[in-house]
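This is what each chain is made of:
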Amino acid sequence: MNSWRRLSLFWRLFLPIAVVVFCAGNLRIWTFINEERINQISTLEHSLEVAAATLQPIIARGAITGDYATVQAQLEREVRLRPYLARAEWRLGDGRLKAESKPAKQTVPAWFERLSGIQSFEITNRVELGGVDYGQLILSCNPQQAQSLIWERVVARIVSLGVIISALFLMLALTLRTSLKALTRLVTAYQQFLQDHGTRVVVGGAREIQQLGNAFNTMADEVEATLKALAEAQASVEKEAELNHVTLMSIGEGVITTDASGLVSQMNPVAEQLTGWPLEEATQKPLAEVFHIVRETSREVVINPISQKLTGEKSTKKESGILLISRDGRETQIEDSAAPIRSEDGKVFGYVLVFSDVGEKKALQKKIGWQATHDALTQLPNRSLLADRLAQAVARSDRSNQLMAVGLLDLDEFKPVNDRLGHASGDQLLKLAAGRMHEALRSTDTLARLGGDEFVLVLSDLTSLDEAETIFQRLLNHLAEPYPLDEEVARVTASLGFTLYPLDQADPDTLLRHADEAMYAAKHAGRNRYHLFDAQHDQKLQTRRERTGEIREALNSGQFELFYQPKVDMREGRVTGYEALARWRHPEHGILSPAEFLPYMEDNELAGELGRFALKAALSQIAEWREAGYTDWSVAVNIAPYHFTSVDFLEDLTNATEQFPEIPPECLELEIVESTAIADLQHAANVITACHDLGIRLALDDFGVGYASLSYLKCLPVDMLKIDQSFVRDVLLDKGDLAVVEAVITLSNLFGREVVAEGVEQAEQYLLLLKLGCHMAQGYGIARPMPANLVADWAANWQLDPDWQ
């Protein structure tokens, strides 16, 4: 054991590994010899069985024929050709034939013959043919060839293993030597690091040794950094201690520190001044003796925060209205707070108390708070306080189910007085007006100034509208009285608008906006009066604004499309064209008819946006139909009055047609309502003429429902009149409708205009129209408006109803 310990680390690692490898190699050779022995014995047995199978039929035939010479020759031949066959013998009764091989020279060591485990053996087989027994065949094997084969393979395997083991030992020796050198360098580096913390090591060798070297270097970096940080921390602590002392001495608040039992240990100059105790006298005295505080209102002694902590009381929140009684009896309004001073392990070893004089601060806060919520000139609540008062009034009205009035008042002709007499007189006038309004209002009402000459009134707990009007009228009467100013007597009145909550179900900001709108209505009505806001009318305007916004978004996002209603010549039974009708494909409500959106867009720019969309979409559809072979179809587009009379209409029409130069102009028709044309007859005539110059025809839609006269019809160069469906619907029952229809058809013929009847649904209606001279019609009796993708199929399958012929 001592000899083993004296060996170097290299040999203590190398020798056990070498022994293990050597043993493993021997075990592998022994396993290989066993495998080869089993294989060779199996081969010998198989070979003897093959030889027996070959000799048995030959021996049987020789026994039958008595040709024993042939049998003997075959036995010798088998022994000669098969080196593993040592002896072949046939025994029949007392007779026998035998052939033996010559003894071969031994080629393997004698010890290996025993080691290989392969010995000579024989097999005996009965010779039978046709159920007749012809004796026994005895075959004996020669093991020398198998032993030689195993010997050669074992020698080759030993040589290859020897080479591999030698290489392995060499690599192991090199690896161990390299790693041990690296470990030696690490040990040396460690010893040097104890003296010089900047020592590092460069380590090669195996990956694990490199990782160990990197770990050493990392550890060295951390240790060096830690030592440096400790040195810096020590310097910082010293600097911080000096800074804390300077800060404590110069801070603007009083600071007292105590030990863990509450005895004073330190005070800054401010604390000395406020308590009246110098540090020399206060040191080691109980804090309650130096820091004596009472409640401002009751003069009850208050336990200071540090004493609360020492006695275990949980309530340590700041109290307001605390007075500090100094040693000489002076009283100072203060705010204080305390906190424990703990060591690193969390143990409390002292307390710090901070307090400050808040007397001036409280007075200033009160003044600033009042100024933040009141108007400096009139002393009335300002916009900020008004918001709170108005919210409270709304809540009170909800609880009491009584009315509340929100009014906004503006002085009439205040600006001329202010400009003529100056701002001083203007301010004097505002103060007098505010005083008069206070006199006219109840004590529960709120009066606030928004700015300038605008005032807000909030009247709560009203029982009726009459009560509010009585108060407002009294207020206006007071304000209308003369104002004696320094330079002259001024006369001003006021305009007041108000709304009633909860009749006007709105939030406070909206209530003010409604009152403002009502105030302007009062000014426009002649001033010196009040006006009540109309909540229902405002709701309608709000609904219209919201709906208009939805429609504009729908136009921008492509939710609009055109449906097409056929126009047919009932006399010839053919389709002549289609009227393009806008539909809104709403993502939630499905297809919406024009009644859902036209009322919100006819009198604004949305009409122009819809018109531009319809022109482009209709021309695009015409181009698609013409490519499909429908070249004789025209499409009529409805143009809203706002768009038709706008200065941009002709430019919009030109831009749309120029995008489709391949479409003949006569394929596009425009329809305008009668009221559009007669509103500005000359402008309408000029636009129609310009359309004709482009080759586009126009129709006068809903003819008969307006106020067109013969002179209007004569001056308007339209190409077609469309009889409104309201007359066609009851033409069979109402004589008045029949007279209108007959008159329109007659006028069309007289002025050379085409005429189309809308709303045709029955065969009897068409027959009557045809008799009166109108053969162009459209209506549900022919087809309802349909999407563009259904038009071609409908036209291919449509036939004139036999009842209409």
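It should be noted that the structure appears before, not after, this text.
Here goes a summary of the coordinates provided. (Residues numbered from 1 in each chain as written. Predicted model: local features only at pLDDT ≥ 70, side-chain atom pairs only at ≥ 80, totals over all residues. Heavy atoms only, no water.)

## Observations regarding the overall build of the protein
Check the secondary structure of the protein and you find 27 helices and 27 strands. In terms of overall size, the protein is more extended than a compact globule, its C-alpha atoms giving a radius of gyration of 60 Å where 805 residues would be expected to give roughly 28 Å. Considering the protein as a whole, with its 805 residues, one finds that 40% of them fall into the buried category. Restricting the contact set of the protein to residue pairs at least 6 apart, pairs at least 24 apart contribute 63%. Where the 78 positive side-chain charges of the protein centre and where its 111 negative ones centre are 14 Å apart. (Helix = DSSP H or I, 4+ residues; strand = E, 2+ residues; numbered from the N terminus. Rg over C-alpha atoms; globule rule 2.2 N^0.38 Å. Buried < 20%, exposed > 50% of the residue type's maximum accessible area, 1.4 Å probe, protein only. Contact = heavy atoms within 4.5 Å. Lys, Arg positive; Asp, Glu negative; His and termini not counted. Charge placed at Lys NZ, Arg CZ, Asp CG, Glu CD.)

## Concerning the packing of aromatic side chains
Here the structure, examined in full by the defined rule, presents 13 aromatic pairs. A centroid spacing of 4.8 Å and a plane angle of 45° characterise the contact between Phe-472 and Phe-498, whose relative ring orientation is tilted. Within this pair, whereas Phe-472 is found in helix α15 (residues 465–480), its partner Phe-498 is found in strand β16 (residues 493–501), the two being separated by 26 residues in sequence. Assessed through its relative accessible area of 0%, Phe-498 is described here as buried. The interplanar angle of 40° and the centroid separation of 5.3 Å between the aromatic rings of Tyr-578 and Trp-625 together place this pair among those described as tilted. With Tyr-578 in strand β19 (residues 574–586) and Trp-625 in helix α18 (residues 605–627), this pair connects stretches of sequence that are 47 residues apart. Linked through ring pairs, Tyr-564, Tyr-578, Trp-625, Tyr-630 and Trp-633 together constitute an aromatic cluster. (Phe/Tyr/Trp six-rings, centres within 6.5 Å; stacked < 30°, edge-to-face > 60°.)

## Topic: the sheet that holds strand β5 (residues 254–259)
The six strands are arranged β6-β5-β10-β9-β8-β7 in an open sheet whose pairing can be described as antiparallel. Only two strands of the sheet have a single partner each, and these edge strands are β6 (264–267) and β7 (292–295). The sheet shows a mean angle of 40° between the axes of neighbouring strands, taken without regard to direction. Relative to strand β8 (residues 322–325), β7 runs antiparallel, the two sharing four bridges. The residue of β8 that forms the bridge with Val-294 is Leu-323. (Pairing = 2+ DSSP bridges. Axes fitted to C-alpha atoms, helices over the stretch in contact; angles between N-to-C directions.)

## A look at the nonpolar core
Counting residues in hydrophobic clusters, the biggest one holds 74 residues, and the most contacted among them are Val-637, Phe-644 and Leu-670. When residues of this core are assigned to their parent elements, the largest contribution, nine residues, is made by α18. In terms of nonpolar packing, the next biggest core, distinct from the first, is built from 34 residues, Phe-455, Leu-459, Val-492 and Phe-498 among them. (Core = buried A, V, L, I, M, F, W, Y, C linked by side-chain atoms within 4.5 Å.)

## Comments concerning the packing of helix α25 (residues 735–751) against helix α26 (residues 763–772)
For any two helices packed against each other, one specifies the crossing angle of their axes together with the interaxial distance. The contact between α25 and α26 brings their axes to 10 Å, and the two run at 45°. The pairing of α25 with α26 is recorded here as oblique in orientation. The handedness of the crossing between α25 and α26 comes out as right-handed. Contacts between α25 and α26 involve Leu-738, Val-741, Glu-742 and Ile-745 on the former and, on the latter, Leu-768, Leu-769 and Leu-772. In the contact of α25 with α26, the residues fall into six nonpolar, no polar and one charged. (Parallel < 35°, antiparallel > 145°, perpendicular 65-115°, else oblique. Left-handed = near helix turned anticlockwise from the far one by under 90°. Nonpolar A, V, L, I, M, F, W, Y, C, P; charged D, E, K, R; others polar.)

## Some remarks on unusual backbone geometry
Each neighbour pair has its own omega, and for Tyr-501 with Pro-502 the value is 15°, a cis peptide bond. Inspection of the secondary structure puts Pro-502 in the loop between β16 and α16 (508–524). Of note, the phi angle at Asn-401 is positive, near 55°, even though the residue is not glycine. One non-glycine residue, Asn-528, adopts positive backbone phi at about 55°. Along the chain, Asn-528 turns up in the loop between α16 and β17 (530–532).

## Focus: α16
For α16, spanning 17 residues, the distance from its first C-alpha to its last is 25 Å, which sits close to the expected 24 Å at 1.5 Å a residue. Among the residues of α16, those classed as buried are Thr-510, Leu-511, Leu-512, His-514, Ala-515, Ala-518, Met-519, Ala-522 and Lys-523. The backbone nitrogen of Asp-509 lies 3.2 Å from a side-chain oxygen of the residue at the head of α16, namely Asp-507. Trailing α16 by a residue or two, Gly-526 shows a phi angle of about 130°, which is positive. (Expected span 1.5 Å × (residues − 1). Polar contact = N/O pair within 3.5 Å; in protein donor to acceptor, adjacent residues only side chain to side chain.)

## Considering the pattern of salt bridges
In the structure shown here, the tally under the stated rule is 33 salt bridges. For Arg-420, the salt bridge is made with Glu-488, and the minimal N-O distance between the two is 2.7 Å. On the criterion of sequence distance, the pair formed by Arg-420 in helix α13 (residues 414–421) and Glu-488 in the loop between β14 (483–484) and β15 (489–490) is long-range, its members being 68 residues apart. Glu-488 gets classed as partly exposed once you look at its relative accessible area, which sits at 29%. (Salt bridge = Lys/Arg side-chain N within 4 Å of Asp/Glu carboxyl O.)

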